[in-house]
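# Observations on the model geometry
This is what each chain is made of:
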Amino acid sequence: MQNHFSSYRWRRYVPFLVFATVVAIVQLYAIAIKDPHFIKNAIQTLSNTKNRGNETLGPLHVLLVSYARTGSSFVGDLLQSVPDTFYHFEPLHFISNPVLNSSFDDARVLLNKVFNCNVSSIKGYLPWIQLHKEYMKLKRSLNYWKECSKKKKNLCFNASFVDSTCRKHKTVIVKTIRLKLREASELFLTHPNLNLKIIYLMRDPRGSINSRMKFPVSMWCKKDPMCSNPKYYCDSLAEDMKVACGLLKDRPEDFLIIRYEDLALDPFGTTDRLVKFLGMPSMPRDVEIFLKTHTSVIGSVREKYRTQGVDYAYSTFRNSSITAMSWRQQMSFKRVTQLQNYCQTTLTGMGYYPYYTVSNLRSNVNFDKNNDDAIRSYCSAN
């Protein structure tokens, strides 16, 4: 009798359960109509939650942050030479320059989608890339472009194919020169779902500014005060250094500073430090090959690029030790002195030192060979 009564009472609730299920399905359908990617994102979120429960963090997300003409394209290519990586070249170009228009929230939302292999949910993103082929956003993703080109070229700009290919890789790398370090570092707080590491690439601002003055870079650089205004640039670097000090203290396992000059003069030693930061016990063979073929380029390769119609200003094949220091022979002493006045504090904090005579400028490499000590000293004093 008791069992019969319990069974009857349970059956009384069946219509309500059916009704609630139908309502839930209708609501999900309505949401899915508004956002076609809702269900896919929900599944991805559940998958991420399950992974975290199993102490599996999923793909590694690496954000390379720097500014124009600092060697960031070279470092981006170096990073994507690591096996099993998917590389995004300057995705923030899609929303112009977040630093100038203060669209930092939009930038972080976009980066989160890119890192999670969900570019299909970024409205207009791939059509914009296809329309602006001269920026070579996807073509700079060498592993991806090689894979999609084996199939059909029209697949290369297919959002589903981009996302599915991205998800096959253990590491997703994004390179940007369109975000200050403070705004980039807030990803740790605003998107804790990311398994994020930030690499901050710095270069002697005198060298960066000298490179920006050359054609064809100067043509677009002069339109951007972040690129063309030395004082604005040096102030931004000073702000970045303060943020860097905090990150080195609070998140040393997730934040790394490297200097372009160190990479240029000691490519293998600096890269070894870089790959260990990414969790690899030793330098992969593919990375060694990249360094050997990209850091000691001679004039014949320059000529090869010219005959193929490729602008060498944007090439990542260089004689790195010469390129990094060439500004000392090219820039006038008056201009160097002016820049040193703008950037005095920042130069010292980054381990670079001023030149006081023309002969010293032309003949001596004047920077602290131990960058870590220079930064620690700066952080202690500030």
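These notes cover the structure that comes with them. The structure displayed is predicted, hence computed values, not measured ones.

## Considering helix H4 (residues 72–80)
Within H4, nine of the nine residues are buried, which leaves it mostly tucked inside the rest of the structure. Restricting attention to buried positions, one finds in H4 the residues Ser72, Ser73, Phe74, Val75, Gly76, Asp77, Leu78, Leu79 and Gln80.

## Thoughts on the state of the cysteines
If you walk through the whole model with that rule in mind, you get five disulfides. Linked covalently through their sulfurs, cysteine 148 and cysteine 156 form a disulfide whose S-S length is 2.0 Å. Because the torsion about its S-S bond is 95°, the bridge between cysteine 148 and cysteine 156 counts as right-handed. Across the pair, cysteine 156 and cysteine 148 agree in class, each one buried. Along the protein, the cysteines engaged in disulfide bonds are linked according to the scheme 1-4, 2-3, 5-6, 7-9, 8-10 when indexed in sequence order.

## Some details on the side chain of asparagine 371
Tracing the sequence through the fold places asparagine 371 in helix H24 (residues 371–381). Exposure remark for asparagine 371: the relative accessible area of 5% places this residue in the buried category. Leave out the neighbours within four places in its chain, and asparagine 371 touches Ile257, Arg259, Asp262 and Met350.

## What about the environment of asparagine 364?
On the secondary structure map, asparagine 364 appears in the loop between helix H23 (358–363) and H24. Assessed through its relative accessible area of 35%, asparagine 364 is described here as partly exposed. With 36 residues separating them in the primary sequence, asparagine 364 and arginine 328 have C-alpha atoms 8.9 Å apart. Ignoring any residue separated from it by four or fewer positions in sequence, one finds asparagine 364 in contact with Arg328 and Tyr355.

## With respect to the environment of valine 172
Topologically, valine 172 is positioned in strand S3 (residues 171–176). Assessed through its relative accessible area of 0%, valine 172 is described here as buried. Leave out the neighbours within four places in its chain, and valine 172 touches Leu60, His61, Val62, Phe86, His88, Val114, Phe115, Cys117 and Cys166.

## Overview of the environment of lysine 180
The residue lysine 180 is located in the loop between S3 and helix H10 (181–185) in this model. Once the C-alpha coordinates of lysine 180 and valine 243 are considered, the two residues, 63 residues apart in sequence, prove to be 9.7 Å apart.

Definitions and cut-offs
- Residues numbered from 1 in each chain as written.
- Predicted model: local features only at pLDDT ≥ 70, side-chain atom pairs only at ≥ 80, totals over all residues.
- Heavy atoms only, no water.
- Buried < 20%, exposed > 50% of the residue type's maximum accessible area, 1.4 Å probe, protein only.
- Helix = DSSP H or I, 4+ residues; strand = E, 2+ residues; numbered from the N terminus.
- Disulfide = S-S within 2.5 Å.
- Contact = heavy atoms within 4.5 Å.

Read these as geometric descriptors, not functional statements.
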